[in-house]
Each structure stands twice: as structure tokens, then as C-alpha cells.
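Spelled out, the chains give:
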Amino acid sequence: MREHVTDAAASVPRRNPTWLVATIAGGFGLFYAYAVWNALGNLTQAAPLGLNALGWIIWIFATVFPILAFIAAFTVGYRGPALHLALVMLTGLALTAVFWLDVVAYTTTRTSSLLA
């Protein structure tokens, strides 16, 4: 009977401590927040120039995308081991960086098509 209880206790997956999940998410969250802050800064600099609909869509999506990437990465990784959470958060951050480079490249080369 005792062996059955030990086997049942061993089969229960061990969860990460909340402080560890919060520390990993918070550390990566600062980098995601930096991406949001940059996009917001560029949006506020471009808005007085008179953006057309495409310009507004690009800059608003550039502001929202890091938030969505953070939520998706956290949702996928928070139940797994701490290393998996960190890797998923790093992957989301890399995806955000690639998206940010695409936005910067497009807005730099096609500035006239974004203005009204």
C-alpha cells in the first residue's frame, strides 16, 4: 500500500515556484516593454507628420505586437520547466526583434507611402 502512495506522489508533475516564474517573466518583460516603448516613441514622432491609414496600422501594430508576443510566450511556457519558459520567452523576444527590424526597414525605405 505504501508503494502505491509513493508512486502516485512521484507521478505528480512538479511545478516551478511562483517567484521563479515571476522573475523569469519579469526579466524578459523588461525587454518586451522596451520594444513597446520604442514603438510608442516612433508613433508619437511620426503622428504629427500626418500618417495615412497604413502608417497608423503599422505603428499601432508595432506597439501591440510585443505585448501579444509576451502573452503568447508566457502562456506557452509558464507550466513547463523554468528553462523552457526562459527559452520560449527568448524565442518570443527574438520574433519581436525580427518584426521590429522589418518595421524599421519598411518605414525607412517607404516613408512617403505612410504619410497622408
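Refer to the preceding data block for the structure.
Sequence order as written defines residue numbering, which begins from 1 separately in each chain. Reporting in this predicted model follows two pLDDT cut-offs: at least 70 for local features of residues, and 80 or more for side-chain atom pairs to be given and counted; totals over whole chains, interfaces and linings ignore these cut-offs and use all residues. Side-chain numbers come from the whole structure's heavy atoms, not from hydrogens or water.

Q: Any chance you could explain the side chain of Thr107 here in plain terms?
A: Within the element layout of this structure, Thr107 appears in helix H4 (residues 82–109). Polar contacts here mean pairs of N or O atoms no more than 3.5 Å apart (in protein, one a potential hydrogen donor and the other a potential acceptor; neighbouring residues in sequence count only if both atoms are side-chain atoms). In terms of polar contacts, Thr107 uses its side chain to reach the backbone carbonyl oxygen of Val103, at 2.8 Å. Among residues more than four places away in sequence, those in contact with Thr107 are Ile58, Trp59 and Leu114. The numbering of helices and of strands both runs from the N terminus, where a helix is a DSSP run of H or I of at least 4 residues and a strand a run of E of at least 2. In what follows, residue pairs with any heavy atoms lying within 4.5 Å of each other are defined as contacts.

Q: Just to check I follow, could you spell out the packing of helix H3 (residues 53–77) against H4 for this structure?
A: For any two helices packed against each other, the geometry comes down to the angle between their axes and how far apart the axes lie. Here the axes come from fitting lines to C-alpha atoms, over the contacting stretch only for helices, and the angles between their N-to-C directions go from 0 to 180 degrees. It is at 8 Å that the axes of H3 and H4 come closest, and there the two elements cross at 170 degrees. For the element pair H3 / H4, the angle class is roughly antiparallel. Among the residues making up the contact of H3 with H4, the classes are represented as 20 nonpolar, four polar and no charged. The scheme is simple: roughly parallel for angles under 35 degrees, roughly antiparallel for over 145, roughly perpendicular for 65 to 115, oblique for anything else. Note on residue categories: nonpolar means Ala, Val, Leu, Ile, Met, Phe, Trp, Tyr, Cys or Pro, charged means Asp, Glu, Lys or Arg, and polar means any other residue, Gly included.

Q: It is not clear to me how the nonpolar core should be interpreted in this structure. Could you clarify?
A: Side chains of a nonpolar character, in soluble globular proteins, are inclined to be buried together. Remark: nonpolar core denotes a set of buried residues (Ala, Val, Leu, Ile, Met, Phe, Trp, Tyr, Cys) joined through side-chain atoms within 4.5 Å. Any residue under 20% of the maximum accessible area for its type is buried, any over 50% is exposed, and the rest in between are partly exposed; the area is computed with a 1.4 Å probe on protein chains only. Membership of the largest hydrophobic core comes to 23 residues, with the highest contact counts inside it found for Phe28, Tyr32, Trp59, Ala62, Met89 and Val103. Elements represented by at least two residues in this core include exactly helix H2 (18–46), H3 and H4. A per-element tally of this core places H2 first, with eight residues. Not counting residues up to four positions away in its chain, the partners in contact with Trp59 are Ala39, Asn42, Leu43, Ala46, Leu51, Trp100, Val103 and Thr107.

Q: In this structure, what is going on with a nonpolar patch on the surface? I would like to understand it.
A: A patch is a set of surface residues, each over 30% in relative accessible area and not in a salt bridge, joined within 9 Å for like charges and within 5 Å for the nonpolar side chains Val, Leu, Ile, Met, Phe, Trp and Tyr. Using a 1.4 Å probe, the Shrake-Rupley method yields the accessible areas, and only the shown protein chains count as cover for residues. For this analysis, a salt bridge means a side-chain nitrogen from Lys or Arg found within 4 Å of a carboxyl oxygen belonging to Asp or Glu. A cluster of nonpolar side chains, namely Trp56, Ile60, Phe61, Val64 and Leu68, defines an oily patch on the protein surface of about 420 Å² accessible area. Inspection of the secondary structure puts Val64 in helix H3. What makes Val64 partly exposed here is its relative accessible area of 32%.

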